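Next come the chains, spelled out residue by residue.
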Amino acid sequence: MFAAIATWLVACAALMLWGRDVPPADERHLARTEDGWLLRLHRFRPAAGAPPRPAPVILGHGILMTRLCWELAPWLSVPRMLAARGHDVFVAEYRGTPGSRRPPGQARWAYDARDHAWKDMPALL
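Keep in mind that what you see is a predicted model, and the values were worked out from it rather than measured. Along each chain, numbering runs from 1 in the same order as the chain's sequence is written. Two thresholds apply to this predicted model, a pLDDT of at least 70 for residue-level local features and 80 or more for giving and counting side-chain atom pairs, whereas whole-chain, interface and lining totals are computed over all residues. With hydrogens and water set aside, each side-chain value is computed from the structure's full complement of heavy atoms.

**Looking at the packing of aromatic side chains**
The line we're drawing: Two rings belonging to Phe, Tyr or Trp (six-membered ring only in the last case) form a pair when the distance between their centres is within 6.5 Å. Interplanar angles under 30 degrees mark stacking, angles over 60 mark edge-to-face geometry, and anything in between is tilted.
Considering all chains together, one arrives at two aromatic pairs under this definition. With centroids separated by 6.1 Å and ring planes inclined at 45 degrees, the aromatic side chains of Trp109 and Tyr111 adopt a geometry described as tilted. Three or more aromatic residues joined by ring pairs make a cluster, and in this case those are Trp37, Trp109 and Tyr111.

Here it is as structure tokens:
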């Protein structure tokens, strides 16, 4: 069990190092949750000349991940691929990631999965 957890942590660290050279999104926006967290949305505009799509795409990351799970490199990027096909793409960063900011006075890890579902999702949408 320990070996599996250690392997997973090393893999996450490697992906974060690999993804740090990814260029920024076209736009960055902040969404405020009802309890005061500021969450970052990274927008990738549809490519010029691509057929327009009717609805935006919102990508979210897993637990203990960041937006970089969708963008491992400029040439290996789900949001850039979708934008090239005409989608308006937003990549969300939930509470607890480097792209989010907690309200003053709140403990760093004072949240759980329910907060992601009931507070982060409505703010991001």
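Moving on from the coordinates now.
**Focus: the nonpolar core**
In summary, soluble globular proteins display a tendency toward joint burial of nonpolar side chains. Keep this limit in mind: Among the buried residues, those of types Ala, Val, Leu, Ile, Met, Phe, Trp, Tyr and Cys that are joined through side-chain atoms within 4.5 Å form a nonpolar core. Burial classes: relative accessible area under 20% of the type maximum marks a residue as buried, over 50% as exposed, and values in between as partly exposed (1.4 Å probe, protein chains only). Helical segments are the DSSP runs of H or I of at least four residues, strand segments are the runs of E of at least two, and each set is numbered from the N terminus. Any two residues having at least one pair of non-hydrogen atoms within 4.5 Å are treated as being in contact.
Of all hydrophobic cores here, the largest spans nine residues; its members are Ala31, Trp37, Leu39, Leu41, Phe90, Ala92, Tyr94, Tyr111 and Leu124. At the level of secondary structure, the elements contributing two or more residues to this core comprise β2 (38–44) and β6 (89–93). Beyond its immediate sequence surroundings of up to four residues, Leu41 is in contact with Glu27, Arg28, His29, Phe90, Val91, Ala92 and Leu124. By size, the runner-up hydrophobic cluster in this structure holds seven residues, among which are Ala25, Leu59, Leu82 and Val91.

**Some words on the sheet that holds strand β1 (residues 27–32)**
Put simply, the test is: Two strands form a pair only when DSSP identifies at least two bridges running between them. Fitted lines through C-alpha atoms give the axes, limited to the stretch in contact for helices. The angle between two N-to-C directions lies from 0 to 180 degrees.
Across the sheet, four strands lie side by side as β1-β2-β6-β3; this open sheet has mixed pairing. Whereas interior strands pair on both sides, the edge strands pair on one side only; in this sheet they are β1 and β3 (57–59). The mean inter-strand angle of the sheet, taken between neighbouring strand axes irrespective of direction, is 30 degrees. Note: β1 against β2, six bridges, orientation antiparallel. Within β2, the residue paired with His29 across the bridge is Leu41.

**Focus on the side chain of Asp115**
Relative to the elements of secondary structure, Asp115 occurs in helix α3 (residues 113–124). A residue is classified by how much of its surface remains accessible, and Asp115, at 13% relative accessible area, is buried. Leaving out residues up to four positions away in the same chain, Asp115 has contacts with Arg95, Ala110 and Asp120.

**Some points on the side chain of Arg67**
Definition in use: For the purposes of these results, a polar contact is taken to be a pair of N or O atoms within 3.5 Å, where, inside protein, one atom must be able to donate a hydrogen and its partner to accept one; residues adjacent in sequence count only when each atom of the pair is a side-chain atom.
Structurally, Arg67 is set in the loop between β3 and β4 (71–73). Given the relative accessible area of 14%, Arg67 is considered buried. There is a polar contact of 3.0 Å between the side chain of Arg67 and the side chain of Glu71. Residues within four places of Arg67 in sequence aside, it is in contact with His42, His61, Val91 and Glu93.

**Points about the pairing of β2**
Most of β2 sits inside the fold, with six of its seven residues counted as buried. In this sheet, β6 lies alongside β2 in antiparallel orientation, the contact comprising five bridges. Across the sheet, His42 pairs through a bridge with Val91, a residue of β6.

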